[in-house]
There are 2 protein chains.
Amino acid sequence: MYDLVIVGTGPAGMTAAVYAARKKLHTLLLGQEYGGQAARSLAIENYMGYQYITGPELMRKFEEQVQQYPVEIRRAEVTRVTRQDHGFVTQTAEGESFRSRAVIVATGKRPRRLNIPGEKEFLGRGVTYCAVCDAPLFAGLPVAVVGGGNAALEAAWDLTRHAGRVFVISLAEWRADPLLVDRVKNAPHLERRVGYETVRIEGDKTVTGLVIRPLAEPQKEERLDVRGVFVEIGSTPNSHIVSDLAELNAVGEIIVDCDGRTQVPGLFAAGDVTSVPDKQVIVAAGEGAKAALSAYRYLAGSPG
Amino acid sequence: MYDLVIVGTGPAGMTAAVYAARKKLHTLLLGQEYGGQAARSLAIENYMGYQYITGPELMRKFEEQVQQYPVEIRRAEVTRVTRQDHGFVTQTAEGESFRSRAVIVATGKRPRRLNIPGEKEFLGRGVTYCAVCDAPLFAGLPVAVVGGGNAALEAAWDLTRHAGRVFVISLAEWRADPLLVDRVKNAPHLERRVGYETVRIEGDKTVTGLVIRPLAEPQKEERLDVRGVFVEIGSTPNSHIVSDLAELNAVGEIIVDCDGRTQVPGLFAAGDVTSVPDKQVIVAAGEGAKAALSAYRYLAGSPG
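Quantities reported herein were computed from a predicted structural model and do not represent experimental measurements.

Novice: Can you help me understand the overall build of chain A in this one?
Specialist: Within chain A, the regular secondary structure consists of six helices and 17 strands. Computed over C-alpha atoms, the radius of gyration of chain A comes to 21 Å, within 12% of the 19 Å expected from 2.2 N^0.38 for 304 residues, which places it in the range of a compact globule. When its C-alpha atoms are laid out on the principal axes, chain A stretches across 65 × 40 × 35 Å. In chain A, which comprises 304 residues, the proportion classed as buried is 58%. Sequence separation of 24 or more characterises 58% of the internal contacts of chain A that already satisfy a separation of 6 or more. Accessible surface, chain A: about 12,700 Å² in total, of which carbon and sulfur atoms supply 48%.

Novice: Mind showing me how you'd approach the relation of the copies chain A and chain B here?
Specialist: Superposition record for chain A on chain B: RMSD 0.1 Å, screw rotation 180 degrees, translation along axis 0.0 Å. Such a combination of turn and shift is consistent with a two-fold rotation axis.

Novice: I tried to follow the state of the cysteines on my own but got confused; where do I start?
Specialist: Note on terminology: disulfide describes a covalent bond linking the sulfur atoms of two cysteines. By the definition in use, this model includes one disulfide over all chains. There is a disulfide in this structure between Cys258 of chain A and Cys258 of chain B, and the S-S distance comes to 2.0 Å. Because the sign of the S-S torsion sets the handedness, a value of about -100 degrees for the bond joining Cys258 of chain A and Cys258 of chain B places this disulfide among the left-handed ones. Within this pair, whereas Cys258 of chain A is found in the loop between β16 (235–237) and β17 (267–269), its partner Cys258 of chain B is found in the loop between β16 (235–237) and β17 (267–269), the two belonging to separate chains. The partly exposed category is assigned to Cys258 of chain A, whose relative accessible area is 25%.

Novice: Teacher, can you tell me more about the nonpolar core here?
Specialist: Across soluble globular proteins, nonpolar side chains show a tendency to be buried alongside one another. Residues Tyr47 of chain A together with Tyr47 of chain B are the most contacted members of the largest nonpolar core, which totals 130 residues. When neighbours within four sequence positions are excluded, Tyr47 of chain A is seen to be in contact with Leu58, Phe62, Val281 and Ile282 of chain A together with Tyr47, Met48, Gln65 and Ile282 of chain B.

Novice: How do you make sense of the domain arrangement of chain A when you look at a structure like this?
Specialist: Frequently, the measure chosen for interface size is the accessible area removed from exposure when the parts meet. Residue and element names in this part refer to chain A. Per the domain assignment, the segments of chain A are domain 1 (2–110 + 235–301) and domain 2 (113–231). A separation of 32 Å is found between the C-alpha centroids of domain 1 and domain 2. Tallying the contact residues gives six residues for domain 1 and seven residues for domain 2. Of the roughly 530 Å² buried where domain 1 meets domain 2, counting both sides, 60% is carbon and sulfur surface. Linking domain 1 with domain 2 are one salt bridge. Glu45 serves as the salt-bridge partner of Arg183, at 3.8 Å between the closest nitrogen and oxygen. Linking domain 1 to domain 2 there are zero residue pairs in polar contact (both at pLDDT 80 or more). Residues that form the side of domain 1 that touches domain 2 fall into these classes: three nonpolar, one polar and two charged.

Novice: Mind showing me how you'd approach the sheet that holds strand β13 (residues 207–214) of chain B here?
Specialist: All names here are of chain B. Strand order in this open sheet of three strands is β12-β13-β14, and the pairing throughout is antiparallel. Where the open sheet ends on each side, the last strands, each with one partner, are β12 (196–203) and β14 (222–224). Averaged over all adjacent pairs, the angle separating strand axes in this sheet is 30 degrees, with direction ignored. Of the pairings in the sheet, the one linking β12 to β13 comprises seven bridges and is antiparallel in character. Residue pairing for β13: Glu202 is matched across the bridge by Gly209.

Novice: How should I be thinking about the packing of aromatic side chains in this particular structure?
Specialist: Each aromatic ring pair is summarised here by two numbers: the centre-to-centre distance and the angle between the ring planes. Taken as a whole, this structure holds eight aromatic pairs over all chains when the rule is applied. Note on Tyr47 of chain A and Tyr47 of chain B: the rings are 5.9 Å apart at their centroids and 40 degrees apart in plane angle, and the pair reads as tilted. Here Tyr47 of chain B lies in the loop between β2 (27–31) and α2 (55–66) and Tyr47 of chain A lies in the loop between β2 (27–31) and α2 (55–66), a pairing that spans two chains. Both residues of the pair, Tyr47 of chain A and Tyr47 of chain B, belong to the buried class.

Conventions used here
- Residues numbered from 1 in each chain as written.
- Chains lettered and ligands numbered in written order.
- Predicted model: local features only at pLDDT ≥ 70, side-chain atom pairs only at ≥ 80, totals over all residues.
- Heavy atoms only, no water.
- Helix = DSSP H or I, 4+ residues; strand = E, 2+ residues; numbered from the N terminus.
- Rg over C-alpha atoms; globule rule 2.2 N^0.38 Å.
- Buried < 20%, exposed > 50% of the residue type's maximum accessible area, 1.4 Å probe, protein only.
- Contact = heavy atoms within 4.5 Å.
- Areas by Shrake-Rupley, 256 points an atom, 1.4 Å probe, with all protein chains shown as cover.
- Least-squares fit on C-alpha atoms with pLDDT ≥ 70 in both.
- Disulfide = S-S within 2.5 Å.
- Core = buried A, V, L, I, M, F, W, Y, C linked by side-chain atoms within 4.5 Å.
- Domains from an automatic or database assignment.
- Buried area = accessible area lost by both parts, 1.4 Å probe.
- Salt bridge = Lys/Arg side-chain N within 4 Å of Asp/Glu carboxyl O.
- Polar contact = N/O pair within 3.5 Å; in protein donor to acceptor, adjacent residues only side chain to side chain.
- Nonpolar A, V, L, I, M, F, W, Y, C, P; charged D, E, K, R; others polar.
- Pairing = 2+ DSSP bridges.
- Axes fitted to C-alpha atoms, helices over the stretch in contact; angles between N-to-C directions.
- Phe/Tyr/Trp six-rings, centres within 6.5 Å; stacked < 30°, edge-to-face > 60°.

And the structure:
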C-alpha cells in the first residue's frame, strides 16, 4: 500500500515525484519513457534556468533529480485506475496492480494520426511522429512536415538544417509563436503549402511520396516526391486510464481545479493530460508540484 | 503605450517577461531587485533541472534569460496601478508613469515583522530578515532564529555551519518539510525553544540579547545572549499597488483564476502575491508563464 502512485514520467510526473518524496510520502512512480513528449523537443528556449537546452537533456536532468530521492520507479504501461475502499488500484498491462491512498495522473498526450492510407504501413519507414528522433536520418533528402503549429514549425526549422527540400503542409494558416514563424518562413529550401490536406502516403519499401490536394480545388491532387513524412498535427490526451473515474472535457482532458484536484477525492492530475490550457514544460512542472502538495494535504487529512 | 507592463522581477515576473517577449508583446518589466524572495534562498533543491543551486545563482540565470529578449527593463518601485480608458497606468515612486493595455502583477511578498521593542532600532545591527545575506557575518557567534517553518529551518541549518550556538524560537511545533526537520533537529549546537514568544531585543550598538517567554508561563522570561536575531516568521503579499482595483483574499493575496486572471479584464497576477497556495519557485515560474499566455490571448482579442 503506497501513499501515492504517480502515473507518468514526463515533466509533471517527475516534478510531482520530487515534491512527494520531499514530503516523505511513500511514492511509486510508473511510466513508460522518461521525459514524455518533452523528450522529443528539439530545442527548449523557454524553460527558465536554461537559455537553450534540448528536450532529452532537460529530461535527463529531471530524471537524475528524481533519482536523488527514495521514490520507487517502475517501467510499466498503466491500463486502468479504479477506486477501492478508501483508496485506488492502479493496473498495468504487465498484469501488476498497485494500491495507494492517492493517485496523480500525469500521462500527457500522444501524437495525433493523419488517418490516411500508407500512414500505418510506412510507420518507421519514412513516416514519423518524432522529429527530434528522426530528423538526422533524412540528411539531404526531400521531406514533408504536416502541420502548422509550434511543433510542426520546430520540426521544419530543424529539417532545413538536415534534409534537402522541406515541404510544410497545413490545412490553415500557421499558428505558432511569432518568433518561430519569422524564422521558418524565410528558411531556404522550404516550401509552404497552406490550405492543403493530405490524401495518401506512397512508397515501396520506404516512403517515396506524399499526395496532397488543395481544399479549394480538391480535384487537383499533387504528388510531392519526399522520402520522409513528419506528422505534427497535435496530440490526444492519455486520459483513457481514468475515463470512467474522472470528469473529462470535450477534448478528453482531465478537468482539474487550480490545485490539480479532480472531482474524485484523492485523485489528482497534472500536465498536458489536464484541462490547463498551456502545454509548456515549465507549466507542467509547476502543476506537478502543486498536485503533489495537494495530495500531501489530502493525505494528511484523510483516513489512513 | 505598452502592450504589457509586468510589475515584479522575481521568478513569476521574469518568466512572464520571457513568455511575453516570445509572443512579441511590447513589454515593460518594472522591479526593484532581481529574484525577489527567491534570491534570498540559501539552497534550492526542488527547482527541476538543478539538483542543487543557490537562490541568487538561479535568479541570475533567470535574469540572463530575460536579457536575451527585447524586453524593456527598469528598476523602479511601483506605487499604484490604475485603470485608464481601455488600459492601465502604472505609477512609480520615482514619479514616472507607464500606460499599457494589460498588466501582470508579480510583486511577491515581503518578510513579516515581529513588532517587538528593539526590532527597528537594531535592524542591520544584528536584526535581519535575510539569512542568505547575513548568516556569514555571524561566524562563531550565538544567534537566534525566530520561526518554525521552512524558511526558519533553512536559516537555522545554514547558521549551524556559520554561527556558534543557534537557538530556534517558535510559538508552535515546527511546520516544515519532513526532510528538513529531520536534518535540523539533530544539528549540533542547536537549541529548540518551542512554545515561546519573543518579548524584546536588547543591545548597545549592536544586538546583545533576545528576551523570550514560554506561552505556558509568561512570567518566566528568559534572556538569550545572542548577537544576531534572524526573523523568519513568514511574509505579507505586496498587493497594495492594486488594493482598490483587484479583489484580495483574507490574507491580502490577489485572487486569480487558474490562468492568472484577476476579476478585472486585462489585469493578471502570478506568483507569491496571488491566492495560489504553494509558494515555490517552480510554481511561480509556471504561473508566470500562464499569466503571460493569458495576457497574450486577452490582447489578441481586446480592442487596441
